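Residues per chain, in single letters:
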Amino acid sequence: MIMTDLATFNYEKAWNKIKDISKAIGKEATYSFLVLWYVLKNPSTPFSDKLVIIGALSYLFLPIDLISAIAHPITGHLDEFAAVLAAYKRAKKSVTPEMQIKIEQLLEKWFPSEYEYAEIIEI
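Note that the coordinates shown come from a computational prediction; the quantities given were computed from them, not determined experimentally.

1. A short note on the side chain of Asn42
For Asn42, the position within the fold is in the loop between helix H2 (27–41) and helix H3 (47–61). Residue classification places Asn42 among the buried residues on the basis of a relative accessible area of 15%. Among the polar contacts listed, one links the side chain of Asn42 to the backbone nitrogen of Ser44, at a separation of 3.1 Å. Ignoring any residue separated from it by four or fewer positions in sequence, one finds Asn42 in contact with Lys50, Thr96 and Met99.

Shown next as structure tokens:
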């Protein structure tokens, strides 16, 4: 079935999934997912780019795999990585300065600097 609009994509479920896995995958990987998210939500993003992003995120989160991560622990994650990487390479060209600021602010909120509140103790 070819999707003619994006009304059937569950944005709230996808956003909650990104928030849930962000701590586990770290700041750098979360940055890539936030790029995908903000480009997907931007009304000026071409429909074809949105389909690529939705396809990659769906493939990542759905239990269907071309290469099983259970049977092949190392190579089993390569197909998901390749899908997300392809979507990210396409999406990063559409990041606006406003999106970049939102992404950086959200990353700082989710991953505060380790030394932000550190005290210097003289010995």
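2. Comments concerning the nonpolar core
Grouped together as the largest cluster of nonpolar side chains are 25 residues, with contacts concentrated most on Leu34, Leu36, Tyr38 and Ile53. If you list the elements that add at least two residues to this core, you get helix H1 (11–25), H2, H3, helix H4 (78–91) and helix H5 (97–110). At eight residues, H2 tops the list of elements feeding residues into this core. Setting aside residues no more than four positions away along its own chain, Leu36 makes contact with Ile53, Leu57, Val84, Ala87, Tyr88 and Ala91.

3. Thoughts on the environment of Ile21
With respect to the helices, strands and loops of the structure, Ile21 is situated in helix H1. If sequence neighbours within four positions are ignored, Ile21 has contacts with Phe33 and Phe61.

4. Examining the pattern of salt bridges
Here the structure, examined in full by the defined rule, presents one salt bridge. With a closest N to O distance of 2.4 Å, Arg90 and Asp49 form a salt bridge. Within this pair, whereas Arg90 is found in helix H4, its partner Asp49 is found in helix H3, the two being separated by 41 residues in sequence. Judged by relative accessible area, Asp49 falls into the buried class, the value being 12%.

Cut-offs used in this document
Residues numbered from 1 in each chain as written. Predicted model: local features only at pLDDT ≥ 70, side-chain atom pairs only at ≥ 80, totals over all residues. Heavy atoms only, no water. Helix = DSSP H or I, 4+ residues; strand = E, 2+ residues; numbered from the N terminus. Buried < 20%, exposed > 50% of the residue type's maximum accessible area, 1.4 Å probe, protein only. Polar contact = N/O pair within 3.5 Å; in protein donor to acceptor, adjacent residues only side chain to side chain. Contact = heavy atoms within 4.5 Å. Core = buried A, V, L, I, M, F, W, Y, C linked by side-chain atoms within 4.5 Å. Salt bridge = Lys/Arg side-chain N within 4 Å of Asp/Glu carboxyl O.

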